[in-house]
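# Structure assessment
Now for the letters of each chain:
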Amino acid sequence: MIDLWNEENLYIVAIAALLPLTAGLVIVQVNPYFALVMRGILGAVAALVYALFGAADVALTEALVGTMLSITLYAIAVRSSLIMRLGIIEPDLPPEDLLQTLRQPLRPYHLRLELVPYPDQESLQAALQDKEVHGICFSPNPEITHIPYEIQTRVPRLYQILSGHLPLETMARLNPTPEFTPTNSL
Amino acid sequence: MNGIIIAMLLALLIPIYEAYRDSHIWQKMLAFASIATKTSMMILVVSVLRDDWMIGVVGVLILSVGNAALMLLAHVIKRSDEAGVYEP
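Anyway, here's the lowdown on the structure attached to this text. (Residues numbered from 1 in each chain as written. Chains lettered and ligands numbered in written order. Predicted model: local features only at pLDDT ≥ 70, side-chain atom pairs only at ≥ 80, totals over all residues. Heavy atoms only, no water.)

This part is about the overall build of chain A. Check the secondary structure of chain A and you find 8 helices and 5 strands. For chain A, the sequential pattern of α-helices and β-strands runs α-α-α-α-β-α-β-α-β-β-α-α-β. By the burial criterion, 46% of the 186 residues in chain A qualify as buried. Of the contacts formed within chain A by residues at least 6 apart in sequence, a portion of 56% connects residues at least 24 apart. As displayed, chain A offers around 9600 Å² of accessible surface, 63% of which is attributable to carbon and sulfur atoms. (Helix = DSSP H or I, 4+ residues; strand = E, 2+ residues; numbered from the N terminus. Buried < 20%, exposed > 50% of the residue type's maximum accessible area, 1.4 Å probe, protein only. Contact = heavy atoms within 4.5 Å. Areas by Shrake-Rupley, 256 points an atom, 1.4 Å probe, with all protein chains shown as cover.)

This is the structure in C-alpha cells:
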C-alpha cells in the first residue's frame, strides 16, 4: 500500500489529478472528431496513471484497446455515419458554388457531403427509391421552370435542415419530402 | 525523484492546454502526439527510478502503440479533410 500523503509520493497525487482534468476536456468537446482526439489524450494519461500505480497489465490494455482500437473504430463509425450522400448526374455536374452553399447548413451538424455520380435521370430516381442516396440534385426541364437546379431528399430531417437556409433557396428548388414514417428514417 | 517527475508533469500541462485551446483538428493532433510521447517517457523514467522493468517494458510498448494510434487516426481524419469537412 502506497502512502499517498507522504511527501515522497506527492507526484503520484499530482499525476492522478490529470485524469479528471482530461476527462473534463473530453466532455466539453462539441465536434465528434475533436472529442476522439481528446479521448486519445485521456487514454495516454490513464495509461500513465495505471503504470504509476504498478498495474502494468491494465496500462497496456488501456493503451492497446482503450485508446488505439476504440478511437480508430469510432473515427470510422463517425466518418461513415455523419454524411449526406447526394446523387448527381455525371456529365451535368452541379456548379461548385451550389455545392459550397449546400455545405453551409450541413456544417453546424458536422455532416459531410459526398457526391455519388449516376449516368442518367432514371438511375438517379431509382437510387433515391432504393435508398442508395439520401438526396439527389438535378437540373429539371428549363421550359417548365426558371430555377436551374432541383434538390430532392427522402430524409425529412435533412429537408428540415436544408429548407431554412436562404442562400440555398435562391440557387435551387428544394422539393418537399414524404411524411415521416419509421420506414423512411434513414 | 519528485523533482524530475514534477518538472515532466509541468511540461505535460503545456500540450494539454494547447489541445484545449486550439480549434483546428491538426493542432489538436499535434498536442495528442506530444502528450502520447511525454506520458510514455514519464513511464520509462519512473520505471528506471523504481528499478521496475515490468513497467519499463510496458512503457516501451505504450510509446510505440501511442504513435500507431496517432497514425491510424490521422489517416481517417486526412480522408475526411480531403472530402471538405474542415474547409473554412
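Now that the structure is up, let's keep going.
Owing to its 3.6 residues per turn, the α-helix aligns residues three or four sequence positions apart on the same side. Residue and element names in this part refer to chain A. Restricting attention to buried positions, one finds in helix 6 (residues 121-129) the residues Leu124, Ala127 and Leu128. For helix 6, the angular spread of the buried residues around the axis is 100°, confining them to a single face. In helix 6, those exposed residues whose orientation departs by more than 90 degrees from the buried face are Glu122 and Gln129. At its buried positions, helix 6 is contacted by strand 1 (83-89), strand 2 (112-118), strand 3 (135-138) and strand 4 (149-153). Positive backbone phi, at 60°, marks Lys131, one or two positions downstream of helix 6. (Arc of directions from axis to C-beta.)

In this section: a nonpolar patch on the surface. Among the surface-exposed residues, Ile27 and Val28 of chain A together with Tyr17 and Tyr20 of chain B lie close enough to one another that they form a single nonpolar patch of about 480 Å² accessible area. Here Tyr17 of chain B shows up in helix 1 (residues 2-21). Judged by relative accessible area, Tyr17 of chain B falls into the partly exposed class, the value being 49%. (Patch = residues over 30% accessible without salt bridge, like charges linked within 9 Å, V, L, I, M, F, W, Y side chains within 5 Å. Salt bridge = Lys/Arg side-chain N within 4 Å of Asp/Glu carboxyl O.)

Before going further, it helps to examine the interface of chain A and chain B. Between chain A and chain B, the contact holds 43 residues from the first and 43 residues from the second. Note on chain A versus chain B: buried area summed over both sides is about 3600 Å², and carbon and sulfur give 78% of it. Area buried by chain A at its contact with chain B is led by Tyr11, Phe34 and Val37 of chain A, which between them contribute 16% of it. On inspection of chain A and its partner chain B, the count reaches 0 salt bridges. Summed over the shared surface of chain A and chain B, the number is 3 residue pairs in polar contact (both at pLDDT 80 or more). (Buried area = accessible area lost by both parts, 1.4 Å probe. Polar contact = N/O pair within 3.5 Å; in protein donor to acceptor, adjacent residues only side chain to side chain.)

Quick look at unusual backbone geometry now. Here Lys131 of chain A, not a glycine, exhibits a phi torsion of approximately 60°, which is positive. Relative to the helices and strands, Lys131 of chain A resides in the loop between helix 6 and strand 3. The phi torsion at Asp51 of chain B lies on the positive side, around 55°, for a residue other than glycine. Accessibility expressed as a relative area gives 56% for Asp51 of chain B, which makes it exposed.

Okay, the packing of aromatic side chains next. One pair of aromatic rings is described through two measures. These are the centre distance and the angle between the planes. Scanning all chains against the criterion turns up 0 aromatic pairs over all chains. For the cation-ring pair, Lys28 of chain B lies above Phe34 of chain A, with the distance from its terminal atom to the ring centre recorded as 5.1 Å. (Phe/Tyr/Trp six-rings, centres within 6.5 Å; stacked < 30°, edge-to-face > 60°. Lys NZ or Arg CZ within 6 Å of the ring centre and 35° of its normal.)

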